[in-house]
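Understanding the architecture of this molecule
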Amino acid sequence: MLGFFRVIRPPAIGMVVFVLLACDFSFIGPNLRHRGPPSSTPPQIAFISGGDSWSGASEINVLNLDGTGGYRLVTSFGRHFGHRWSPDGTVLVFVRERDGDPEIHLTSINGHEQRNLSNHPAQDLDPAWSPVGPTIAFASDREGDFDIFLMDTHGNGVINLTQSRGSDSNPV
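Residues numbered from 1 in each chain as written. Predicted model: local features only at pLDDT ≥ 70, side-chain atom pairs only at ≥ 80, totals over all residues. Heavy atoms only, no water.

The subject of this paragraph is the overall build of the chain. Assigned secondary structure in the chain consists of 0 helices and 14 strands. Seen in sequence order, the chain has helices and strands lined up from the N terminus as β-β-β-β-β-β-β-β-β-β-β-β-β-β. When contacts within the chain are restricted to residue pairs at least 6 apart in sequence, long-range pairs at least 24 apart make up 27% of them. When the accessible surface of the chain is totalled, it reaches about 9,000 Å², and 55% of it is carbon and sulfur. (Helix = DSSP H or I, 4+ residues; strand = E, 2+ residues; numbered from the N terminus. Contact = heavy atoms within 4.5 Å. Areas by Shrake-Rupley, 256 points an atom, 1.4 Å probe, with all protein chains shown as cover.)

Take a look at the structure:
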């Protein structure tokens, strides 16, 4: 069995969440993570909640798959989306849009070390972790149309990979 849905209402967050439970977490996608041996830390999911996430304030929350241990990871003003766990499950990369300027951000698992990685006036979207090494791919229109770029986890070493005439987006 690969998985099934379960509806939970975590008391710490106060909303209904549809959670995909599964036996093989590698099949589910980038918003689930598991740290340590299965008996030590339960698998967790990161999700967007609060307000209207398409036009106003939203937050990124983390929740154990059994509905316990919920907490807010990112709570600052802005629209948050495109969040992805790092391959080792210790860091989350996401997009924060304020005043129409989406930027790629990074946060530690406790939310205390948030920083803007892309810090550019262009639109920076669709962050994706490299499975090998500390590299993040993302889409940006910083050179006209959308291309796929790479940068390290400090926002340095930005290079344009595609440089095509059409728009490129959604690196995986």
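In the structure shown here, the tally under the stated rule is 1 aromatic pair. With centroids separated by 5.7 Å and ring planes inclined at 25 degrees, the aromatic side chains of Phe138 and Phe149 adopt a geometry described as stacked. One end of the pair, Phe138, is in strand 12 (residues 135–143); the other, Phe149, is in strand 13 (residues 145–152), with 11 residues separating them in the sequence. Summarising the burial analysis for this pair, Phe138 and Phe149 share the class buried. Arg79 extends its terminal NZ or CZ atom over the ring of Phe81, reaching a point 4.1 Å from the ring centre. (Phe/Tyr/Trp six-rings, centres within 6.5 Å; stacked < 30°, edge-to-face > 60°. Buried < 20%, exposed > 50% of the residue type's maximum accessible area, 1.4 Å probe, protein only. Lys NZ or Arg CZ within 6 Å of the ring centre and 35° of its normal.)

Turning next to the side chain of Ser140. Here Ser140 is to be found in strand 12. What makes Ser140 buried here is its relative accessible area of 0%. In terms of polar contacts, Ser140 uses its side chain to reach the side chain of Asp124, at 2.6 Å. Those residues in contact with Ser140, other than ones at most four positions away along the chain, are Ala122, Gln123, Asp124, Asp145, Phe146, Asp147 and Phe149. (Polar contact = N/O pair within 3.5 Å; in protein donor to acceptor, adjacent residues only side chain to side chain.)

Bringing the nonpolar core into the picture now. Counting 17 residues, the largest nonpolar core has Val93, Ile104, Leu106, Leu117, Trp129, Ile136 and Met151 as the members making the most contacts within it. Secondary-structure elements contributing two or more residues to this core are strand 8 (91–98), strand 9 (101–108), strand 11 (124–129), strand 12 and strand 13. The next biggest cluster of nonpolar side chains, apart from the first, holds 9 residues, and it includes Ile60, Leu73, Trp85 and Leu92. (Core = buried A, V, L, I, M, F, W, Y, C linked by side-chain atoms within 4.5 Å.)

Strand pairs in the sheet, formed through backbone hydrogen bonds, run parallel or antiparallel to each other. With antiparallel pairing, 4 strands are arranged side by side in an open sheet as 11-12-13-14. Strands at the two margins of the open sheet, each flanked by one partner only, are strand 11 and strand 14 (159–160). Looking at chain direction, strand 11 and strand 12 are connected through 4 bridges and run antiparallel. Each residue of the ladder has a partner; that of Leu125, found in strand 12, is Ala139. (Pairing = 2+ DSSP bridges.)

Per-residue pLDDT for the chain averages 77, and the proportion of residues at 70 or more is 73%. Scored below 50 in pLDDT, residues 1–30 makes 57 contacts in the model with residues more than four places away or belonging to other chains. Overall, residues 35–40 carries pLDDT values under 50, and its contacts beyond four positions in sequence, including any with other chains, amount to 5 contacts. (pLDDT = per-residue confidence, 0-100.)

So, about unusual backbone geometry. The phi angle at Asp99 is positive, at roughly 55 degrees, despite the residue not being glycine. Looking at the element boundaries, Asp99 is found in the loop between strand 8 and strand 9. Positive phi, normally seen in glycine, also occurs at Asn119, with a value near 40 degrees. Along the polypeptide, Asn119 turns up in the loop between strand 10 (115–116) and strand 11.

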